[in-house]
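Read off the chains here:
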Amino acid sequence: MKTNPIIVCPDCGKEIEVLKACGASNFFCNHCNELKSSQRVKAANPLVFPAQPEK
């Protein structure tokens, strides 16, 4: 059984909800009540989103 990793908000540190639609992913924090930038979320969660080498 595979579990999804917990992604945290870069501002408050609470768990973020990942909304997926039409191939796009959006990150929403229920505690802050706002969408979060994918770049900031990825920077705050390096274990979940490892750095990609630049081309």
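Here's a quick rundown of the structure. Everything numeric here is computed off the predicted structure, so don't read it as measured data.

1. Points about the pattern of salt bridges
Counted under the stated rule, the structure contains three salt bridges. Between D11 and K36 there is a salt bridge, and its shortest N-O distance comes to 2.5 Å. Note that D11 is positioned in the segment before strand 1 (17-21) and K36 in strand 3 (residues 34-36), a separation of 25 residues in sequence. According to the relative accessible area criterion, K36 is buried, its value standing at 7%.

2. Some words on the packing of aromatic side chains
Evaluated as defined, the whole model comprises one aromatic pair. Ring centres 6.2 Å apart and planes at 90° place the aromatic pair F27 and F49 in the edge-to-face group. Of this pair, F27 sits in strand 2 (residues 24-29) while F49 sits in the segment after helix 1 (38-44), and the two are 22 residues apart along the sequence. For F49, a relative accessible area of 22% corresponds to the partly exposed category.

So, how was this worked out
- Residues numbered from 1 in each chain as written.
- Predicted model: local features only at pLDDT ≥ 70, side-chain atom pairs only at ≥ 80, totals over all residues.
- Heavy atoms only, no water.
- Salt bridge = Lys/Arg side-chain N within 4 Å of Asp/Glu carboxyl O.
- Helix = DSSP H or I, 4+ residues; strand = E, 2+ residues; numbered from the N terminus.
- Buried < 20%, exposed > 50% of the residue type's maximum accessible area, 1.4 Å probe, protein only.
- Phe/Tyr/Trp six-rings, centres within 6.5 Å; stacked < 30°, edge-to-face > 60°.

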